[in-house]
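Per-entry structural report
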Amino acid sequence: MTQRPTFWLTQHTVLVLAGLYCVALLLRLVYYFALGDTLMAHVLLMDEAYYQAEARNIILGVPQPTDSWFMTPLYPYFLSLVFRVHDAPMAAYFVQMLLGALLAPLGYLLARKILGILWAMASAIAIACFAPLVFFEGLLLVESLVAITLTGSLVLALYGAGNFRMALLSGVLLGVAILGRGSNLVLVPLWLAWFVWSSGTHATRSWRHEWVGCLLGCLLPLAPLFIYNATHAKQPLFLTANGGFNLYLGNGPQATGIFQLPEDLDLA
C-alpha cells in the first residue's frame, strides 16, 4: 500500500514542492491577519526598533553614526528594500512569511536525501507547522532570513556535490547568512568538510574546486563589509563591533540581569 503514495510522490516532485509551499503559506497568512490586531506587530522594542531606524536611515542616505557597523547590515538593507515599497512593519512581516514558507519544500528536499520519501513528507509538514518559525517571521528580526538562507545553502551543497557552480551558490547563501548572524562563521568548516567527505565516493572528483567555489561565494556578500570596516574603522575588525557585547552586558561587573547599557560605555 505504501508503494502507491511513494511512487506518486517520486513522480510529481514539482507538484509536491508547490503543495508544501502553499500549505506553509496558508498557515502563515492565518497568523499574519491575526497578528495585525496586536500591539506586538506595531510597537517595536530594542533590536526591532534599531533595525527599523537603520533601514530608514539607509533610505534617507543618513551616514552611519559609528565608524563600523555595530550589528550586521543584512537586515537593515533588507528592510530598506521593503520600506521603499511600503514603510510599515506589516509589509516586512508579509515578505518574511512569503520567504519563510519556502522552508517546507526545502526541508522536503533535504529529508528526501537521508530519509524515506514518506518521512521526508512528514518532516516538511512538521516544518510548515512549526510555530517558532512562524513567530519569528512576524518580528523585525533577522532570524527568518538566516533560516531560509542557511537551508537554501544546505540544499545546494547536498544536491550540488561535485558541481562548482552549485558550491559557489551555496557559498553565496552561506555568506548572506553570516552577514545576518556573524556566529554562522563556525559553519564554514562544516560546509568544506562536507565537500571533502562527499568526494570520497568519486575517485575522479576533486573537492578543491568545490572549496574554491564555496569560499569565493562566501566572500562575495561579505567583501563589502570587510572593505567598509577597513576604510572606516581603520583597525582590525572582521565583521561588526558587536562581538561579545551581549556576553559582556550579561556577565560583566555591572550586569543586572536585564539589558542595561553601562553609563561609561559609548557605542559610537
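For the structure itself, look to the data block above.
These notes cover the structure that comes with them. (Residues numbered from 1 in each chain as written. Predicted model: local features only at pLDDT ≥ 70, side-chain atom pairs only at ≥ 80, totals over all residues. Heavy atoms only, no water.)

**Some details on the overall build of the protein chain**
- When helices and strands are counted, the protein chain shows 13 helices and zero strands.
- When its helices and strands are written in sequence order, the protein chain yields α-α-α-α-α-α-α-α-α-α-α-α-α.
- When burial is assessed residue by residue, the protein chain has 42% of its 268 residues classed as buried.
- Counting only contacts in the protein chain whose residues sit at least 6 apart along the sequence, the fraction spanning at least 24 positions is 70%.
- Just so you have it, the protein chain exposes about 14,900 Å², and 70% of that area is on carbon and sulfur atoms. (Helix = DSSP H or I, 4+ residues; strand = E, 2+ residues; numbered from the N terminus. Buried < 20%, exposed > 50% of the residue type's maximum accessible area, 1.4 Å probe, protein only. Contact = heavy atoms within 4.5 Å. Areas by Shrake-Rupley, 256 points an atom, 1.4 Å probe, with all protein chains shown as cover.)

**Looking at the packing of aromatic side chains**
- Throughout the structure, instances matching the rule amount to seven aromatic pairs.
- Relative to Y75, the ring of Y51 lies with its centre 5.0 Å away and its plane at 75 degrees, an arrangement referred to as edge-to-face. Here the residue Y51 occupies a position in helix α3 (residues 47-60), and Y75 occupies one in helix α4 (residues 74-85), the gap between them amounting to 24 residues.
- Overall, Y51 belongs to the buried group, its relative accessible area being 1%.
- Looking at Y75, the relative accessible area reads 1%, which means it is buried.
- Aromatic ring contacts, followed pair by pair, group Y50, Y51, Y75 and F78 into a single cluster.
- The ring centre of F83 lies 6.0 Å from the NZ or CZ of R56, which sits over that ring.
- Positioned above the aromatic ring of Y159 is the side chain of K113, whose terminal nitrogen or guanidinium carbon lies 4.8 Å from the ring centre. (Phe/Tyr/Trp six-rings, centres within 6.5 Å; stacked < 30°, edge-to-face > 60°. Lys NZ or Arg CZ within 6 Å of the ring centre and 35° of its normal.)

**With respect to the nonpolar core**
- Ranked by internal contacts, the top residues of the largest apolar core, which has 48 residues, are Y51, Y75, L79, Y93, L140 and L174.
- In this view, Y51 contacts M71, T72, Y75, P76, L79, L140, L141 and V142; residues no more than four positions away in its chain are not counted.
- Core analysis: the next-biggest nonpolar cluster, separate from the first, contains 19 residues, A101, A104, M121 and V155 among them. (Core = buried A, V, L, I, M, F, W, Y, C linked by side-chain atoms within 4.5 Å.)

**As for the side chain of Q52**
- Within the secondary structure layout, Q52 lies in helix α3.
- Residue Q52 is classed as buried on the basis of its relative accessible area of 13%.

**Focus on unusual backbone geometry**
- Non-glycine residue M46 carries a positive phi angle of around 50 degrees.
- With respect to the element layout, M46 can be found in the loop between α2 (13-35) and α3.

**Looking at the environment of A255**
- Tracing the backbone shows A255 in the segment after α13 (245-251).
- For A255, a relative accessible area of 33% translates into the label partly exposed.
- In this structure A255 touches L249 and G250, once residues within four positions along its chain are discounted.

**Here we look at the packing of α4 against helix α5 (residues 89-100)**
- Direction vectors running N to C along α4 and α5 enclose 110 degrees, while the axes themselves pass 9 Å from each other. Put simply, α4 runs roughly perpendicular to α5. Facing Y75, F78, L79, V82 and F83 of α4, the residues of α5 in contact are P89, A91, A92, V95, Q96 and L99.
- Among the residues forming the contact of α4 with α5, the class breakdown is ten nonpolar, one polar and no charged. (Axes fitted to C-alpha atoms, helices over the stretch in contact; angles between N-to-C directions. Parallel < 35°, antiparallel > 145°, perpendicular 65-115°, else oblique. Nonpolar A, V, L, I, M, F, W, Y, C, P; charged D, E, K, R; others polar.)

**Quick notes on the environment of A128**
- With respect to the helices and strands, the residue A128 is situated in helix α7 (residues 117-129).
- When its relative accessible area of 2% is taken as the criterion, A128 is described as buried.
- Beyond its immediate stretch of four places on either side in the chain, A128 contacts A24, L27, R28 and A104.

**Concerning the pattern of salt bridges**
- Overall, the coordinates contain three salt bridges when judged by the stated rule.
- Here R56 and D87 are joined by a salt bridge, their closest N and O atoms 3.2 Å apart. Taken as a pair, R56 in helix α3 and D87 in the loop between α4 and α5 lie far apart in primary sequence, 31 residues in all.
- Classification of R56 as partly exposed rests on a relative accessible area of 33%. (Salt bridge = Lys/Arg side-chain N within 4 Å of Asp/Glu carboxyl O.)

**Brief notes about the environment of L187**
- Topologically, L187 is positioned in the loop between α10 (164-180) and α11 (188-198).
- Judged by its relative accessible area of 19%, L187 is buried.
- Remark: the alpha-carbon pair of L187 and L174, spanning 13 residues in sequence, is separated by 8.4 Å.
- Discounting residues that sit within four places of it in the chain, L187 has contacts with L150 and L174.

**As for helix α9 (residues 143-159)**
- Under the 1.5 Å per step criterion, the end-to-end length of α9 is 24 Å for 17 residues, consistent within 8% with the ideal 24 Å.
- Burial analysis of α9 places twelve of its 17 residues in the buried class, which makes it a mostly covered element.
- Where α9 is concerned, the buried positions are S144, L145, V146, I148, T149, L150, T151, G152, S153, V155, L156 and A157.
- Residues of α9 that are buried in the fold lie against α4, α5, α6 (103-114), α8 (131-137), α10 and α11. (Expected span 1.5 Å × (residues − 1).)

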